[in-house]
Structures are given as C-alpha cells and as structure tokens.
Protein chains: 2
Amino acid sequence: MPRYKLTLEYDGTPFVGWQRQDNGVSVQEVLEEALRRFCGETVTTTAAGRTDAGVHALGQVVHVDLTKEWPAVRVREALNYHLQPHPVVVRTSEIAAPDFNARLSAKRRAYLYRILNRRAPAALDGHRVWHVAKPLDAAAMHAAAQVLVGRHDFSSFRASLCQAKSPVKTLDRLDVSQAGEEIHVTAEARSFLHHQVRNMVGTLKLVGEGKWTRKDVATALAAEDRRRSGPTAPPDGLYLVEVRY
Amino acid sequence: MPRYKLTLEYDGTPFVGWQRQDNGVSVQEVLEEALRRFCGETVTTTAAGRTDAGVHALGQVVHVDLTKEWPAVRVREALNYHLQPHPVVVRTSEIAAPDFNARLSAKRRAYLYRILNRRAPAALDGHRVWHVAKPLDAAAMHAAAQVLVGRHDFSSFRASLCQAKSPVKTLDRLDVSQAGEEIHVTAEARSFLHHQVRNMVGTLKLVGEGKWTRKDVATALAAEDRRRSGPTAPPDGLYLVEVRY
C-alpha cells in the first residue's frame with residue numbers, strides 16, 4: 001500500500017481551513033473528493049499544517065495511502081484535473097517511505113505574512129494581503145521580532161482554542177523586511193501554536209505604528225497571558241510556504 | 001476647472017475592459033460612477049491605455065476635470081471609498097496641468113506579461129497568469145524577441161479591430177526573463193497596436209516551445225500579415241505597469 005507525499009498550493013479564501021468541518025468546505029474535503037474521483041477510494045489525508053480559514057498555502061505537504069500503486073506523476077495530473085474548479089493544485093507528487101508522516105515527520109515549517117502598507121487598498125491582491133494604510137516602520141518591527149526568537153513559553157501568542165500539549169516552542173526565525181509597498185514577515189519553527197504567527201504579526205504591527213516598543217514585546221512574552229499581547233492579524237496575509245523534513 | 005491625474009490599479013478579470021461598452025461593466029464606468037457619488041458630477045475620464053477585457057493594471061493613468069477644486073488626497077480617499085467593492089483602486093491622485101492628457105501626453109507605456117510555466121495550474125494566481133504546462137526556453141524567447149525591437153510595421157501583430165492610423169510603431173524594449181516558476185515578458189513603447197503585446201507573447205511562446213526559431217519571428221514580422229504570426233496570448237497574464245510622461 002504505497003504512501004504518497006503531495007505538495008499543495010491553495011487559495012484559502014473560500015475554505016473553512018485545511019481540516020474537515022461541518023460549517024463549510026475544507027481543503028481536505030476537496031482533496032479527498034478528488035482522490036475518490038480519481039481512484040474510487042475513500043481515504044483520509046494528513047497535512048503538515050492545519051491552516052485556518054482564509055489562510056493560503058504555497059507548499060502545504062500531505063500524505064495519503066492508496067491501495068494501488070500509481071505513477072506519482074499520474075497522481076498529480078489526475079488530481080489537478082479532479083480538483084477543478086477549486087483553487088487547489090498539487091505542485092508535486094512523489095512516493096514516500098511507508099513511515100513518512102506529513103505532520104509528525106516535519107522538522108521545519110516556514111510561513112510568510114504579507115502586509116500591504118500603503119494608503120490605497122489592494123485591487124489585485126484582495127484577500128492575499130493584510131492592508132494597513134498607516135506607514136509601518138519595518139526596521140523597528142524586525143528589531144522587536146528578535147525578542148521572540150528562541151525557546152519560549154508562547155502562551156501570550158496562543159489562541160484559546162489551541163490544542164498543543166505545551167505552550168513552549170522554539171522559534172527559529174522571525175524576520176521583517178520591506179518589499180516595495182509590502183512588508184513581509186517570515187517565521188520558521190519546527191511547529192507553531194494555534195494563531196501564533198498571526199498573533200505575533202498583530203503585535204509587531206503595534207511596534208511598526210510606534211505604539212509599542214521592543215521592550216513592550218518582551219514584557220508581553222514574559223506575561224505568558226494572551227490578553228497581554230496584540231490583536232490577531234487577519235488570515236488573508238498568511239501563507240504556509242514550505243515544510244522541511 | 002482643475003484637472004486631476006489619477007493612477008489606478010485594477011484586476012481586469014470582471015470587466016469588459018477599460019472602455020465603456022454595452023455588453024458589461026467597464027473600469028471606466030465604475031470609476032465615473034465613483035466620481036459621481038463623490039462629487040455629484042457626471043464626468044468623462046480619459047485613460048492612457050484602453051486595456052482589453054481581462055487585462056490588469058498596476059499603473060493605469062487617467063485624467064478627469066472636476067468643477068470644484070478638491071485636495072488631491074481627498075479625491076483619492078473618496079474614490080477608494082466609493083469604488084468598493086470593485087477591484088479598482090486609486091493609488092495616487094494629483095492636480096495636473098490643464099493641458100495634461102493621460103492618453104496623448106504619454107511618452108512611454110510599459111506592460112508586463114506573466115507566464116506560469118510549470119505542470120500544475122495556478123491556485124493562487126488564477127486569471128493573473130497564463131498557465132503554460134510545457135517547459136519554455138526563456139533565453140531563446142529573449143533572443144527572438146530582440147528581432148521585434150525597433151521601428152517596424154507591426155501589421156503581423158495587430159488585431160483586425162485595431163483603430164490605429166498606422167501599423168508602424170517603435171518598440172523600445174522586449175525582454176524575456178525567468179522569475180522562479182514564471183516567465184516575464186516586459187514590453188515598452190510610446191504606444192502599441194491593439195493586441196500587439198499579446199500577439200508578440202503568443203509568437204514568442206512558439207519559440208519557447210522550440211516550434212519556432214528567431215528567424216521565423218523575423219519572417220513573420222517582415223510578412224506584415226497577421227495570419228503569419230502566432231496566436232494571441234490570453235488577457236489573464238497582461239498588466240499595464242506604468243505610463244511615463
């Protein structure tokens with residue numbers, strides 16, 4: 001029973017998130033339906049990141065077991081046919097080792113958060129960026145972000161619904177840079193708490209506006225209390241970029 | 001009666017093009033309706049480029065005369081409010097000289113054409129790129145493109161509906177470059193014939209596939225006959241990037 005590793009790109013806008021839910025269409029449901037149409041099997045897929053409603057992916061990784069061994073390229077082509085018209089595509093497909101687990105084997109997850117920082121809203125990138133009209137100081141945001149890098153109790157940046165056993169995580173990288181009219185926040189870690197990236201971005205925005213200092217971010221982290229950090233940034237600007245194994 | 005110069009960004013997907021037409025909603029109609037809601041005046045706007053249905057703009061330039069002199073910033077903010085929910089925004093607004101004409105004063109127009117060149121279709125950039133699944137040779141496309149640079153009779157790349165008086169145009173730049181999974185074609189000229197960029201891109205794609213050589217492009221140009229060049233590339237990948245005066 002071969003195991004396939006699929007790398008997906010999707011526009012999260014029309015979905016309730018990766019995971020199957022009763023209140024709408026999920027990426028998982030759409031993918032599993034495409035698999036059913038392709039090979040007639042009812043399967044369960046496992047993803048590296050359970051992206052929330054509205055969150056996008058450039059490189060989500062999924063594993064799935066199929067009864068019959070199909071050429072990996074055939075799986076990709078057939079799924080891209082059956083995934084239409086949903087904004088989900090299989091970028092690559094390969095046969096993985098039987099013990100490969102998209103979620104548990106992941107060593108590093110990389111997210112990108114895009115802020116469109118100009119007066120005019122986005123015409124071409126609506127639902128793909130967080131539009132912030134007031135000018136943000138990207139250098140100050142980057143400096144403050146370094147406070148969060150390392151091994152910490154991230155309770156202050158954890159959603160109340162988070163199911164992780166421990167709030168202690170190691171954040172390997174949190175870079176903020178200006179890219180034309182956009183500000184990009186890049187976050188890398190083995191794993192993240194629920195809403196952690198969006199809560200960090202919402203807090204760094206306060207720094208960018210000059211309302212908070214680097215020290216305020218350190219104080220918020222040390223408080224280990226969600227009520228002490230900034231608001232949750234919207235899902236629109238968040239992308240799961242890459243998962244490394 | 002002050003004249004305003006507006007720079008627009010829009011997603012061309014839902015529109016019949018820039019120009020007002022009977023068969024659907026145009027960018028011009030949406031902009032003029034926003035102007036009417038803002039200041040109560042029924043005005044006619046003039047654009048630098050009459051983009052076709054489905055063609056996008058990052059920097060379309062428009063001029064319009066208003067009876068009352070409003071601060072330029074106020075015009076931008078009010079229009080961005082009234083343009084909602086259409087995917088059209090005013091990036092900048094300024095008061096222009098009375099003789100400024102967005103169309104006639106333009107000295108250089110720059111277009112970008114984006115080809116997504118990979119097996120998987122676009123999930124995030126549907127209607128923003130031309131998806132070409134077969135690998136294209138960007139270097140060969142660039143070399144062949146140089147045949148078209150300069151002052152030529154571009155009849156072979158002119159739509160039958162083109163209203164220009166002469167098919168002779170000077171193409172200042174036609175660059176093809178690889179940008180990750182995308183191939184970008186950048187075209188610059190004082191002005192273009194109708195469909196000229198899309199017809200050049202459709203022809204260069206034949207070169208990228210190895211079906212045509214640089215010499216075939218030269219022969220097509222010399223033929224001065226639309227039936228001798230390649231097919232018209234779809235509007236999805238085309239962006240009016242900048243107009244210089």
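Residues numbered from 1 in each chain as written. Chains lettered and ligands numbered in written order. Predicted model: local features only at pLDDT ≥ 70, side-chain atom pairs only at ≥ 80, totals over all residues. Heavy atoms only, no water.

Now for the relation of the copies chain A and chain B. Put simply, the second copy of the chain is the first one after a rotation about an axis and a shift along it. With an axial shift of 0.0 Å and an RMSD of 0.0 Å, the rotation relating chain A to chain B amounts to 180°. The transformation relating the two chain copies, once decomposed into turn and shift, fits a two-fold axis. Judged by C-alpha distance, A:Asp125 is the residue of chain A that lies nearest the rotation axis, at 4.8 Å. By residue overlap, the copies meet face to face through one surface: 100% of the interface positions of chain A are interface positions in chain B. (Least-squares fit on C-alpha atoms with pLDDT ≥ 70 in both. Contact = heavy atoms within 4.5 Å.)

Each aromatic ring pair is specified by the distance between its two centres and by the angle formed by the two planes. A full pass over the atoms with the stated rule returns 10 aromatic pairs over all chains. Taking the centre distance of 4.8 Å and the plane angle of 65° together, the rings of B:Phe100 and B:Tyr245 count as edge-to-face. Residue B:Phe100 is located in the loop between strand S4 (88–96) and strand S5 (108–116), and its partner B:Tyr245 is located in the segment after strand S10 (238–244); the two are separated by 145 residues in the primary sequence. Overall, B:Phe100 belongs to the buried group, its relative accessible area being 11%. Residue B:Tyr245 is classed as partly exposed on the basis of its relative accessible area of 31%. Lying across the ring of A:Trp70, A:Lys68 places its NZ or CZ 4.0 Å from the centre. (Phe/Tyr/Trp six-rings, centres within 6.5 Å; stacked < 30°, edge-to-face > 60°. Helix = DSSP H or I, 4+ residues; strand = E, 2+ residues; numbered from the N terminus. Buried < 20%, exposed > 50% of the residue type's maximum accessible area, 1.4 Å probe, protein only. Lys NZ or Arg CZ within 6 Å of the ring centre and 35° of its normal.)

What follows covers the packing of helix H1 (residues 27–39) of chain B against helix H2 (residues 72–82) of chain B. All names here are of chain B. As a packed pair, H1 and H2 sit with axes 9 Å apart at the nearest point and diverge in direction by 110°. Taken as axis vectors, H1 and H2 run roughly perpendicular relative to one another. In this structure, H1 crosses over H2, and the sense of that crossing is right-handed. Between H1, through Leu31, Ala34, Leu35, Arg37 and Phe38, and H2, the contact on the second element is made entirely by Arg74, Val75, Ala78, Leu79 and His82. Its residues assigned to classes, the contact of H1 with H2 comprises seven nonpolar, one polar and two charged. (Axes fitted to C-alpha atoms, helices over the stretch in contact; angles between N-to-C directions. Parallel < 35°, antiparallel > 145°, perpendicular 65-115°, else oblique. Left-handed = near helix turned anticlockwise from the far one by under 90°. Nonpolar A, V, L, I, M, F, W, Y, C, P; charged D, E, K, R; others polar.)

With 25 residues of chain A at the interface, the matching set in chain B holds 25 residues. Between chain A and chain B, a total of about 1,800 Å² is buried, with carbon and sulfur atoms accounting for 53% of that surface. Ranking the residues of chain A by area buried against chain B places A:Arg119, A:Ala123 and A:Leu124 at the top, with a combined share of 35%. Our count for the contact surface shared by chain A and chain B stands at seven salt bridges. Taking the shortest distance from any N to any O, the salt bridge between B:Glu181 and A:Arg91 comes out at 2.5 Å. Our count for the chain A to chain B interface comes out at 12 residue pairs in polar contact (both at pLDDT 80 or more). Going through the elements one at a time, strand S1 (3–10), strand S3 (56–65), helix H2 (72–82) and strand S4 (88–96) of chain A are the ones with two or more residues in the side of chain A that touches chain B. Tallying contributions element by element places S4(A) first for the side of chain A that touches chain B, with four residues. In terms of residue class, the side of chain A that touches chain B is built from 13 nonpolar, two polar and 10 charged. (Buried area = accessible area lost by both parts, 1.4 Å probe. Salt bridge = Lys/Arg side-chain N within 4 Å of Asp/Glu carboxyl O. Polar contact = N/O pair within 3.5 Å; in protein donor to acceptor, adjacent residues only side chain to side chain.)

The next point concerns the confidence of the model for chain A. Averaged over all residues, the pLDDT of chain A is 97; the fraction at 70 or higher stands at 100%. Across the interface, the model reports ipTM at 0.90; the global pTM reads 0.94. (pLDDT = per-residue confidence, 0-100.)

Residue and element names in this part refer to chain A. Within the structure shown, the criterion is met by 47 salt bridges over all chains. Glu33 is the partner of Arg36 in a salt bridge, and the nearest nitrogen-oxygen pair spans 2.8 Å. A residue pair is termed a helical-turn pair when its members lie 3 or 4 positions apart in one helix, as Arg36 and Glu33 do in helix H1 (residues 27–39) at three residues. Judged by relative accessible area, Arg36 falls into the partly exposed class, the value being 37%. Of the residues examined, Glu33 reaches a relative accessible area of 28% and is grouped as partly exposed. For Glu209, the salt bridge goes to Lys205, with nearest N and O atoms at 3.1 Å. We classify Glu209 as partly exposed; its relative accessible area is 24%. What makes Lys205 buried here is its relative accessible area of 18%.

In this section: the pairing of strand S9 (residues 182–189) of chain A. Residue and element names in this part refer to chain A. Burial of S9 is extensive: eight of the eight residues sit out of reach of the surface. The alternating pattern of S9 places Glu182, His184, Thr186 and Glu188 on one face and Ile183, Val185, Ala187 and Ala189 on the opposite face, and all of these are buried. Summarising the sheet, strand S5 (residues 108–116) and S9 pair through eight bridges and their orientation is antiparallel. Bridging from a neighbouring strand, Ile115 pairs with Ile183 of S9. Alignment of strand S8 (residues 168–179) against S9, held across eight bridges, turns out to be antiparallel. Bridging across to S9, Arg173 finds its partner in Glu188. Taking the residues between adjacent antiparallel strands as the criterion, S8 and S9 are bridged by two residues, where Gly180 takes a positive phi near 65°. (Pairing = 2+ DSSP bridges.)

Bringing unusual backbone geometry into the picture now. Backbone torsion omega between A:Gln84 and A:Pro85 reads 0°, so that peptide bond is classified as cis. Position of A:Pro85 among the secondary structure elements: in the loop between H2 and S4. With a phi angle near 70°, A:His195 is a residue other than glycine that sits in the positive phi range. Here A:His195 lies in the loop between S9 and helix H4 (196–208). The backbone of B:Glu224 sits at a positive phi, close to 50°, despite the residue not being glycine. Within the fold, B:Glu224 resides in the loop between helix H5 (214–223) and S10.

Residue and element names in this part refer to chain B. Within the secondary structure layout, Asn117 lies in the loop between S5 and strand S6 (130–131). For Asn117, a relative accessible area of 13% gives the class buried. Contact partners of Asn117, with chain neighbours within four places excluded, come to Val132, Ala133, Lys134, Pro135, Leu136, Glu181, Glu182 and Ile183.

Our focus in this paragraph is the environment of A:Glu188. Residue and element names in this part refer to chain A. Of note, Glu188 is situated in strand S9. Classification of Glu188 by relative accessible area gives buried; the value is 8%. For the pair Glu188 and Ala139, spaced 49 residues apart in sequence, the C-alpha separation works out to 19 Å. Dropping the residues within four chain positions of it, Glu188 is found in contact with Arg108, Arg109, Ala110, Leu171, Asp172, Arg173 and Arg244. Side-chain polar atoms of Glu188 contact the side chain of Arg244, separated by 3.3 Å.

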